[in-house]
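# Structural description and commentary
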Amino acid sequence: MKIEVAATGSLIKLPGVGAKQNLALVNVEQMSRIDRPLTLDVRHIAKHLPDTPQMQKLLQREGSVHVSNDQSTLERVAEAIIQNGELTGTIRGHDRYGLYFDEAIGYRLDADGNRTPLYYGEIKVKGDKYHVIPRTRPSR
């Protein structure tokens, strides 16, 4: 999936995204939106979806995982961040863009089965590849 984003002054309305994320873009200089062609890095999708073998493997290895509610939510979060996300910096070799949402976009699952709702989405970009992660807050 290749997504290209161009500067626009129109209202962005995304289905399933909270009202705070449906913002009018004032101008590109005021936004930190992603404005270059990117390709979804499909290697990372399964580990952020519920009950996949990749998610289970990560849970066993790390002790916790950040999981999207479903693939459709992950896609909507990616679009919202690409359109309205804020650049939070380059951390551990990835440019990172993020956005808070009004509704939980996923959950953090630990090895004991505890679930914590997640309201922050982050896109990690390296080169022309990106992937999406639901998180508790921006990476540091």
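What counts, and at which threshold
- Within any chain, residue numbers begin from 1 and follow the written order of that chain's sequence.
- For this predicted model, a pLDDT threshold of at least 70 governs which residues receive local features, and a threshold of 80 or more governs which side-chain atom pairs are given and counted, while totals over whole chains, interfaces and linings are taken from all residues.
- No hydrogens and no water enter the side-chain calculation; it runs on all heavy atoms of the structure.
- Between the rings of Phe, Tyr and Trp (Trp by its six-membered ring), a pair exists once the centres lie within 6.5 Å; its type follows the angle of the planes, with under 30 degrees stacked, over 60 edge-to-face, and the other angles tilted.
- Only when the NZ of Lys or the CZ of Arg is both within 6 Å of the ring centre and within 35 degrees of the ring normal is a charge said to sit over the ring.
- Runs of E in the DSSP output that reach at least two residues are strands. Runs of H or I that reach at least four are helices, and both are numbered from the N terminus.
- In this analysis, the expected span of each helix is defined as 1.5 Å times one less than the number of residues it contains.
- Residue burial is assigned from relative accessible area. The probe radius is 1.4 Å, only protein chains are included, and a residue is buried under 20% of its type maximum, exposed over 50%, and partly exposed in between.
- Under this definition, polar contacts are N or O atom pairs within 3.5 Å; protein pairs additionally need one hydrogen-donor-capable and one acceptor-capable atom, and for neighbouring residues in sequence, both atoms have to be side-chain atoms.
- Contacts between residues were defined by any pair of non-hydrogen atoms, one from each residue, lying within 4.5 Å.
- The term salt bridge refers to a pairing of a side-chain nitrogen on Lys or Arg with a carboxyl oxygen on Asp or Glu at a separation within 4 Å.
- What makes two strands pair is DSSP finding at least two bridges between them.
- Axis angles are defined between N-to-C directions and span 0 to 180 degrees, where every axis is a line fitted to C-alpha atoms and, for a helix, only to the segment in contact.

What follows concerns the packing of aromatic side chains. Evaluated as defined, the whole model comprises one aromatic pair. Above the face of the Y107 ring, R115 is positioned so that its terminal group lies 4.1 Å from the ring centre.

Turning our attention to helix α2 (residues 71-84). With 14 residues, α2 extends 20 Å between its outermost C-alpha atoms, agreeing within 8% with the 20 Å of an ideal straight helix rising 1.5 Å per residue. Taken as a whole, α2 has its buried residues at T73, L74, V77, A78, A80, I81, I82, Q83 and N84. For α2, the capping residue at the N-terminal end is D70, with a side-chain oxygen 3.2 Å from the backbone nitrogen of S72.

For the rest of this paragraph, the subject is the environment of A78. Within the secondary structure, A78 sits in helix α2. Using a relative accessible area of 5% as the deciding quantity, one classes A78 as buried. If sequence neighbours within four positions are ignored, A78 has contacts with I123, Y130 and V132.

This part is about the pattern of salt bridges. Applying the stated rule across the entire model yields four salt bridges. Across the salt bridge formed by R61 and E62, the nearest N and O atoms sit 3.7 Å from each other. Measuring nitrogen to oxygen at the nearest pair gives 3.1 Å for the salt bridge that ties R96 to E122. Within this pair, whereas R96 is found in strand β5 (residues 94-100), its partner E122 is found in strand β8 (residues 120-126), the two being separated by 26 residues in sequence. We note that R96, like E122, is buried.

Let us look at the side chain of T52. Tracing the sequence through the fold places T52 in the loop between β2 (38-40) and α1 (53-62). A relative accessible area of 15% means that T52 is categorised as buried. Once residues lying within four places of it in the same chain are set aside, the contact partners of T52 are A46 and K47.

Right, let's talk about the sheet that holds strand β3 (residues 64-68) for a bit. Judged by pairing direction, the sheet is antiparallel, and its three strands sit side by side in the order β3-β6-β7 without closing on themselves. Strand pairing shows two members of the sheet lacking a second neighbour, β3 and β7 (115-118), which therefore form its edges. If you compare each strand with its neighbour and ignore which way they point, the axes differ by 25° on average. Of the pairings in the sheet, the one linking β3 to strand β6 (residues 106-110) comprises five bridges and is antiparallel in character. Its bridge partner lying in β6, V67 is registered against Y107.

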